[in-house]
Amino acid sequence: MFAPVAGFGVTLSSMFKPTVTEQYPREKVPPQRRFHGRHQLNRYADGLEKCIGCELCAWACPADAIYVEGASNAALPQNAGLEVNADDSKGAHMSPGERYGSVYQINYLRCIFCGLCIEACPTRALTMTNDFELAGKTRAGMIYEKQDLLAPLSEGMLAAPHPMVEGTTDTDYYSGDVLGPTAAQVDWVREQRPDDPTLDAADAVVSGKAPAPTQRQHEMRPDEGPGAAEKSAGAASVGSVRVLADGSQVDAVETGARETSEPGSTSAADLTGGASTGPRTGTEVKA
């Protein structure tokens, strides 16, 4: 006799509670902590990117919404004439180890926010934030580029590219042993890019005047797109350079590489070259 009453217990108890209406968008209520919102590409404490361009997230995506192109750290312009290996800290790096993600796109017209991509990421580079305001005026604007997804530089981080922490390998980064920039990294950036806006804050961390940097997330569609520090340091254009096996460089126009200045802004080449509708061939590296 009491089983039906127990089954409708939640319904009966909620009938006598006042109705709560959220006044969105005038009043924004934070979503639950485990809410799957816009993606973010994270960084290590010294400013290097966690993404290694392995493309596992792209292959795990059931909606074919992610497009990734990886590139070698050894091919960076700062490493001309140097032998850069995956297991040492010599030369400039965008991410620890051998590779980094030079092109990263997510088509939010296709994304179903299932979270399979973040499960597939081996370096915990890709996570999902609580940003749910993803409406756009154009279809092209819904294809987010790497600079739209990359986490902003926290206070004390050094803008990449720069060397890894001396004496470390990529495993040390994955294990969480890197807690911030070092004096050698600051000196390298000061020599290569003396006007880098992240130098003073990183120097304060090295000297003990400021605490170690912590990861932070994007604001909801900020007026100034993320990655401003990289652009001012001249590092944003690194992803637009392709180097073939013979050492020759291919212009960005030939490969369909994109350079945008605003969050979500995309050139006409993205509609055909990015977030592909067919098999992911991307830019083929000719042997």
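Analysis parameters
- Residues numbered from 1 in each chain as written.
- Predicted model: local features only at pLDDT ≥ 70, side-chain atom pairs only at ≥ 80, totals over all residues.
- Heavy atoms only, no water.
- Patch = residues over 30% accessible without salt bridge, like charges linked within 9 Å, V, L, I, M, F, W, Y side chains within 5 Å.
- Areas by Shrake-Rupley, 256 points an atom, 1.4 Å probe, with all protein chains shown as cover.
- Salt bridge = Lys/Arg side-chain N within 4 Å of Asp/Glu carboxyl O.
- Helix = DSSP H or I, 4+ residues; strand = E, 2+ residues; numbered from the N terminus.
- UniProt positions renumbered as here; feature names shortened; annotations may be inferred.
- Buried < 20%, exposed > 50% of the residue type's maximum accessible area, 1.4 Å probe, protein only.
- Pairing = 2+ DSSP bridges.

Student: Help me understand a nonpolar patch on the surface in this model?
Tutor: Where nonpolar side chains cluster on the molecular surface, the patch consists of Val-5, Phe-8, Leu-12, Met-15 and Phe-16 and spans about 580 Å² of accessible area. Along the chain, Phe-16 turns up in the loop between helix H2 (9-14) and strand E1 (39-41).

Student: Would you explain the UniProt feature "binding site: [4Fe-4S] cluster 2" (unreviewed entry) in the protein chain in this entry?
Tutor: In this numbering, the UniProt entry assigns the feature "binding site: [4Fe-4S] cluster 2" (unreviewed entry) to Cys-61, Cys-111, Cys-114 and Cys-117. Separation in sequence by 57 residues is not matched in space for these annotated residues, since their most distant C-alpha atoms are only 10.4 Å apart. Positionally, Cys-61 belongs in the loop between helix H3 (56-60) and strand E2 (66-72). Its relative accessible area of 16% is what places Cys-61 among the buried residues. Tracing the sequence through the fold places Cys-114 in the loop between strand E3 (99-107) and helix H4 (116-120).

Student: Would you mind going over the pattern of salt bridges with me for this structure?
Tutor: Any two side chains of opposite charge can pair if their charged atoms end up close together. By the definition in use, this model includes 7 salt bridges. Put simply, Asp-196 and Arg-193 hold a salt bridge, and the shortest N to O gap is 3.0 Å. For Asp-196, a relative accessible area of 6% gives the class buried. What makes Arg-193 buried here is its relative accessible area of 10%. Here the salt bridges share partners, and the residues they tie into one network are Asp-187, Arg-190 and Asp-203.

Student: Would you explain the pairing of E2 in this entry?
Tutor: The side chains of a regular strand alternate between the sheet's two faces. Across the 7 residues that make up E2, a large majority, 5, are buried. The pairing of E2 with E3 spans 7 bridges and is antiparallel. Bridge pairing in E3 links Ser-72 to Arg-99.

Student: Would you mind showing me how to read the sheet that holds E2 here?
Tutor: Neighbouring strands of a sheet are bound in pairs by backbone hydrogen bonds; such pairs are parallel or else antiparallel. Pairing is antiparallel across the open sheet formed by 3 strands, whose spatial order is E2-E3-E5. Pairing within the sheet leaves two strands with one partner each, and these edge strands are E2 and strand E5 (143-144).

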